[in-house]
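Descriptive analysis of the structure
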Amino acid sequence: LNAAPAMGRLFHDYVFPLFIVIACPVGVMVLYNAVVSHGGSLLDCVLQRDLLCAAASARGAACLVVFVAFEAALMKLVPGDTYEGPRTPSGHVPVYVGNGFQAFVLTVAAYVALGPVFHVFSPAILYEEWGHMLLLVNIGAALLAMVLYVKGLMGPSTKDVHFSGSSVFDFYWGVELYPRLLGFDMKHFIICRIGMMLWIMASISFMFAQFDLTGHVANSMMVSVGVQFVYIGKFFFWERWYLSCVDIMHDHFGFMLCWYRL
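Because the structure is predicted, anything quoted here is derived from the model rather than measured.

As for the packing of aromatic side chains
- Within this structure, the stated rule accounts for 19 aromatic pairs.
- Taking the centre distance of 5.2 Å and the plane angle of 45° together, the rings of phenylalanine 104 and phenylalanine 229 count as tilted. Of this pair, phenylalanine 104 sits in helix H4 (residues 100–117) while phenylalanine 229 sits in helix H9 (residues 219–237), and the two are 125 residues apart along the sequence.
- Judged by its relative accessible area of 3%, phenylalanine 104 falls in the buried class.

Points about the environment of aspartate 44
- Turning to its location among the elements, aspartate 44 is positioned in helix H2 (residues 42–47).
- Separated by 10 residues in the primary sequence, aspartate 44 and alanine 34 have C-alpha atoms spaced 7.8 Å apart.
- In this structure the side chain of aspartate 44 is engaged in a polar contact, spanning 2.7 Å, whose partner is the side chain of histidine 38.

Describing the state of the cysteines
- Evaluation of the coordinates by the stated rule reveals zero disulfides.
- The cysteine cysteine 24 is free of any disulfide, with cysteine 258 supplying the nearest cysteine sulfur at 13 Å.
- Since its relative accessible area comes to 24%, cysteine 24 is described here as partly exposed.

Observations regarding the nonpolar core
- Met186, Phe189, Met201, Phe236, Tyr242, Ile248 and Phe253 are the most contacted members of the largest nonpolar core, which has 60 residues in total.
- Of all the elements, helix H8 (residues 186–214) adds the most residues to this core, at 13 residues.

Comments concerning the pattern of salt bridges
- Tallying each qualifying case throughout the model produces seven salt bridges.
- With a shortest N-O distance of 3.0 Å, glutamate 128 and arginine 59 are connected by a salt bridge. Here glutamate 128 is found in helix H5 (residues 125–128), whereas its partner arginine 59 is found in helix H3 (residues 58–77), with 69 residues between them in sequence.
- Its salt-bridge partner being lysine 151, residue glutamate 176 comes within 3.0 Å of it at the nearest N-O pair. Remark: lysine 151 occurs in helix H6 (residues 130–154) and glutamate 176 occurs in the loop between helix H7 (167–173) and strand E3 (180–181); sequence separation between them is 25 residues.
- Judged by its relative accessible area of 1%, glutamate 176 is buried.

About the criteria used
- Sequence order as written defines the numbering, with residues in each chain counted from 1.
- Per-residue local features are limited, in this predicted model, to residues with pLDDT of at least 70; the limit for side-chain atom pairs, both in listing and counting, is 80 or more; totals at the level of whole chains, interfaces and linings are taken over all residues.
- Calculated side-chain values reflect all of the structure's heavy atoms, with hydrogen atoms and water omitted.
- Pairing of aromatic side chains requires ring centres within 6.5 Å, counting the rings of Phe and Tyr and the six-membered ring of Trp. Pairs whose planes differ by under 30 degrees are stacked, by over 60 edge-to-face, and all others tilted.
- The way it works is that DSSP assigns letters per residue, a run of H or I at least four long becomes a helix, a run of E at least two long becomes a strand, and they are numbered from the N terminus.
- Per-residue accessibility, obtained with a 1.4 Å probe over protein chains only, is compared with the maximum for each type, and a residue is labelled buried under 20%, exposed over 50%, and partly exposed between these values.
- Polar contact is the term for a pair of N or O atoms within 3.5 Å; when the atoms are in protein, one must be able to donate a hydrogen and the other to accept it, and sequence-neighboring residues count only if both atoms are side-chain atoms.
- Throughout, disulfides are identified as pairs of cysteine sulfur atoms within 2.5 Å of each other.
- Residues grouped as a nonpolar core are buried Ala, Val, Leu, Ile, Met, Phe, Trp, Tyr and Cys residues, joined through side-chain atoms within 4.5 Å.
- Salt-bridge detection follows one rule: a side-chain nitrogen of Lys or Arg within 4 Å of a carboxyl oxygen of Asp or Glu.

Right, here's the structure in full:
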């Protein structure tokens, strides 16, 4: 009679989170390789034993470092009104600066100006480095989740911490509700200013890549990028609403949120 709850706990605390932590990053790289090198055929990848082909590159790493540094600077330097998020169970009240939409406009403007206008870099650079960046983001998300797990053990930012008794589950789910590193709210910075911002930058870069490869931009591409531009612009216009929603209020910040938002 006690076997079923014990097996359920084993699955919940160890098997499932470990499977997600391993399968998701590997699965993304396999799918990328299948699309780029095997015409979208997973079977061909398996038959040729060619599952993972992307490698890190200095150019791809530079793209990520410059982008993260640029977004960090915008988050700290661009003015905006200050507002509070929902109060946590421990009484902590997160404080944010409402400069998301300004950062969105400045990021898109800087990319367009430095890419197609002044030719500082190729407008299709994210498309060209996408496989390398996927690998680096996978590694970076895991490393950041590990750093936040250790930080939660040794020096949490607030009293809103939770330990399940399983280090595997705690790494996957997260220990802290609102972890901070180097003065940055990690939930706000990673989810909004890196994940969401990189989404629209990638879409724009892929549009420029289509133009470079074919000499024109398809109507479907313009509609797709246009819809995403409006959606993400709306997200940043109402960013304070998102920072009061369920996954910000209740989900701890570990591998789950860190990886899938990146």
